[in-house]
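Spelled out from the first residue to the last, the chains are:
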Amino acid sequence: MTFQWTAVATVLYGEIGVLLVLCLPFISPLRWQKIFMIPLWSKMAVFWNKMFLTIIVLLIVLFLDAIREVRKYSAVHVNEKAANINTNAFDHIQMKLFRSQRNLYLSGFSLFLWLVLRRTVTLLTQLAKGMASHAALETQVNDATEAAKKYMAENERLQEALSEKGSSKKKESAEATDEKLKKEVEHLKAELQKTSDALQKANNEVTAVKKQSEGLRREYDHLMKEYEQLQDSLNEAEDKKDL
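Model, not experiment: these values are computed from the prediction.

A few words now on the overall build of the protein. Per the secondary structure count, the protein includes four helices and zero strands. Secondary structure elements of the protein occur, N-terminal to C-terminal, as α-α-α-α. Across the 243 residues in the protein, those meeting the buried criterion constitute 15%. Counting contacts in the protein only where the partners sit at least 6 residues apart, residues at least 24 apart contribute 82% of the total. Roughly 19,400 Å² of accessible area belongs to the protein as shown, and the carbon and sulfur atoms make up 63% of that amount.

Structure representation (structure tokens):
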């Protein structure tokens, strides 16, 4: 096997090994993402696209060359078989055909697995980013849920505090109203007592005035009687003078 086909076979075996490692189920895409973020891989990523295109071109060239060799030796093999030439020459041509077919398979599978490897790495990277975004979103959702629960609890505490404050205010207001009503009742009782005292005093004064008026009436009647008696006495005295 010549150098280039040995290199192609090595690339093929390396691709198979890398794909098997990438397909291991216990290594998550996030871990692969961390591995890809190693500084060494970061430096290699700069030349990754160029290296990928270069290897693609080389593999395509080798694959086309292998196709050409297969077609070449296949035609020669048919012609030699039909001509029934020397057995050693026929075996040599058959060996060449076998090598060309082997090289065709090596280059074809290497080209195919190289494309699959590139696609696998891309999908792993995208899946890792998606999982990271999902984890970040889940964390944000959990934080938002916790914040909402916290705000709801604080709102309930505030409502309870406001209700207690309102009830205490109502209680204080009721107590103040009762105190005010008591003061008004006391004031009204005092006013009523004053009014009762004034009424009693007025009644006493009226009674006294009535008594005084009765005494004055009696004195007046007495004076009127005395006046009538004096009048009668004067009339009798004048009647006697006239006689």
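Back to the text.
To continue, consider a nonpolar patch on the surface. On the surface, a cluster of nonpolar side chains totalling about 330 Å² of accessible area is made up of Y13, I16 and L20. One can find Y13 in helix 1 (residues 3–22). We classify Y13 as exposed; its relative accessible area is 55%.

Moving on, we get to the nonpolar core. With 21 residues, the main nonpolar core has V8 and W114 as its most contacted residues. At the level of elements, helix 1, helix 3 (39–83) and helix 4 (87–242) are the ones that each hand at least two residues to this core. In terms of residues, this core owes the most to one element, helix 4, which gives seven residues. Sequence-distant contacts of V8, that is, excluding residues within four places in its chain, are made with L59, L62, L106, S107 and S110.

Following the criterion strictly, the structure yields one aromatic pair and no others. Arranged with centres 6.0 Å apart and planes meeting at 15 degrees, the rings of F52 and W114 form a pair that is stacked. Residue F52 is located in helix 3, and its partner W114 is located in helix 4; the two are separated by 62 residues in the primary sequence. By relative accessible area, which is 10% here, F52 ends up buried. The ring of F52 has R118 lying over it, and the distance from NZ or CZ to the ring centre is 4.5 Å.

Reading the values: rules and limits
Residues numbered from 1 in each chain as written. Predicted model: local features only at pLDDT ≥ 70, side-chain atom pairs only at ≥ 80, totals over all residues. Heavy atoms only, no water. Helix = DSSP H or I, 4+ residues; strand = E, 2+ residues; numbered from the N terminus. Buried < 20%, exposed > 50% of the residue type's maximum accessible area, 1.4 Å probe, protein only. Contact = heavy atoms within 4.5 Å. Areas by Shrake-Rupley, 256 points an atom, 1.4 Å probe, with all protein chains shown as cover. Patch = residues over 30% accessible without salt bridge, like charges linked within 9 Å, V, L, I, M, F, W, Y side chains within 5 Å. Salt bridge = Lys/Arg side-chain N within 4 Å of Asp/Glu carboxyl O. Core = buried A, V, L, I, M, F, W, Y, C linked by side-chain atoms within 4.5 Å. Phe/Tyr/Trp six-rings, centres within 6.5 Å; stacked < 30°, edge-to-face > 60°. Lys NZ or Arg CZ within 6 Å of the ring centre and 35° of its normal.

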